[in-house]
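# Structural features, examined
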Amino acid sequence: MDALFGDDLLERPRREVAPGAVWVPGFLDPTQQAWLVARFREWAEGPVPPRAAKVRGHEMSVKTVCLGWHWRPYAYTREAVDVNGREVLDVPDWMVRLGRSAIAAAYGDDPGEWSETLRLEGDYTPDTALVNFYDEAARMGMHQDRDEVSRAPVVSLSIGDSCTFRFGNTETRNKPYEDLVLESGDLFVFGGPSRLAYHAVTRMHPGTAPPGCGLEAGRINITLRETGLDG
Ligand SMILES: O=C(O)CCC(=O)C(=O)O
């Protein structure tokens, strides 16, 4: 009962942060979080290990392992050409189902009503997952997710330490933006008019990973996306 009606969730209700951008606190329960952390540890064993991508010659502080398609700044490829040339693992079916339930949690059971605005063609079918690991010093600068051809929503899941997530506007890296504290288990979905909003992780909150989430320190973020690419 405590877990179902904990003060935490009552204080952190689902919220539309901007049109098409929805924050669903506590979407993943602790068992699901720990299970996803165990999968992350498997993915990290390869064939392609987590790596810090280089943006304009500078290594990001976040380490990323990709499924479905390998992302590097401005390009998706099947092989991790900037790591070891190996082909990345497939997106598992359960992850597609997870993406669909995230879309339903964010937009309601009938995303059909939203389909046109969200540029959803049929059911949400993410074909890539970028799985980021943040240590306590890691962060991610203001950017847009625009390497995908598809403009279907991005589904983002957080596990482990909390972070400050900055969600801005589609025009500039600057204000207006809002700073939110994403906690372990939170879902954030941005699609439709917010699909190209600038966003960032400005700081980590070490020591906040809840017991039972599977991570003692650091943060895992999983973003699911439809690339719209063939082949
Ligand atoms: O870690 C997060 O919450 C955001 C990740 C992100 O912005 C990205 O992968 O493009």
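This report concerns the structure included in the present document.

### A look at the sheet that holds strand E10 (residues 154-160)
Pairing in this open sheet of 7 strands is antiparallel, and the strands run E1-E2-E13-E10-E15-E8-E5 from one edge to the other. Only two strands of the sheet have a single neighbouring strand rather than two, namely strand E1 (15-18) and strand E5 (63-67). Going across the sheet, the axis of each strand differs from the next one's by a mean of 20°, ignoring polarity. Pairing of E1 with strand E2 (residues 21-24), which is carried by 3 bridges, proceeds in the antiparallel orientation. Along E2, the bridge assignment pairs Arg15 with Trp23. Across the sheet, helix H3 (residues 93-107) lies against E2, E5, strand E8 (128-134), E10, strand E13 (187-190) and strand E15 (219-225), angled at about 80° from E13, the strand it touches most.

### Comments concerning the sheet that holds strand E11 (residues 162-167)
Taken in spatial order, the 4 strands of this open sheet run E9-E14-E11-E12, and their pairing is antiparallel. Each edge of the open sheet is held by one strand with a lone partner, namely strand E9 (140-143) and strand E12 (178-182). Each neighbouring strand pair of the sheet contributes to a mean axis angle of 25°, computed without reference to strand direction. By the bridge criterion, 6 bridges tie E11 to strand E14 (residues 199-205) in an arrangement that is antiparallel. Bridge pairing in E14 places Phe165 opposite Val201.

### A short note on H3
With 15 residues, H3 extends 21 Å between its outermost C-alpha atoms, agreeing within 8% with the 21 Å of an ideal straight helix rising 1.5 Å per residue. Listed in full, the buried residues belonging to H3 are Met95, Val96, Leu98, Gly99, Ala102, Ile103, Ala106 and Tyr107. In an axial view of H3, the angular spread of the buried residues amounts to 160°, which keeps them on one side of the axis. Counted as exposed and oriented over 90 degrees from the buried face of H3: Asp93 and Arg97. Gly108 lies just past H3 and shows a positive phi near 105°.

### Quick notes on the side chain of His199
Looking at the element boundaries, His199 is found in strand E14. A polar contact is formed between the side chain of His199 and the side chain of Asp145, at a distance of 3.4 Å. Of the polar contacts made by the side chain of His199, one reaches the backbone oxygen of Ala197; its length is 3.1 Å. Excluding residues that lie within four positions of it along the chain, His199 makes contacts with Gly141, Met142, His143, Gln144, Asp145, Phe165, Arg166, Phe167 and Phe190.

### Examining the pattern of salt bridges
Here the structure, examined in full by the defined rule, presents 9 salt bridges. Its salt-bridge partner being Asp145, residue Arg225 comes within 3.3 Å of it at the nearest N-O pair. With a gap of 80 residues between them, Arg225 in strand E15 and Asp145 in the loop between E9 and E10 connect regions that are remote in the sequence. The pair Arg225 / Asp145 is uniform in exposure class, with both members buried.

Rules used in this analysis
Residues numbered from 1 in each chain as written. Predicted model: local features only at pLDDT ≥ 70, side-chain atom pairs only at ≥ 80, totals over all residues. Heavy atoms only, no water. Pairing = 2+ DSSP bridges. Helix = DSSP H or I, 4+ residues; strand = E, 2+ residues; numbered from the N terminus. Axes fitted to C-alpha atoms, helices over the stretch in contact; angles between N-to-C directions. Contact = heavy atoms within 4.5 Å. Expected span 1.5 Å × (residues − 1). Buried < 20%, exposed > 50% of the residue type's maximum accessible area, 1.4 Å probe, protein only. Arc of directions from axis to C-beta. Polar contact = N/O pair within 3.5 Å; in protein donor to acceptor, adjacent residues only side chain to side chain. Salt bridge = Lys/Arg side-chain N within 4 Å of Asp/Glu carboxyl O.

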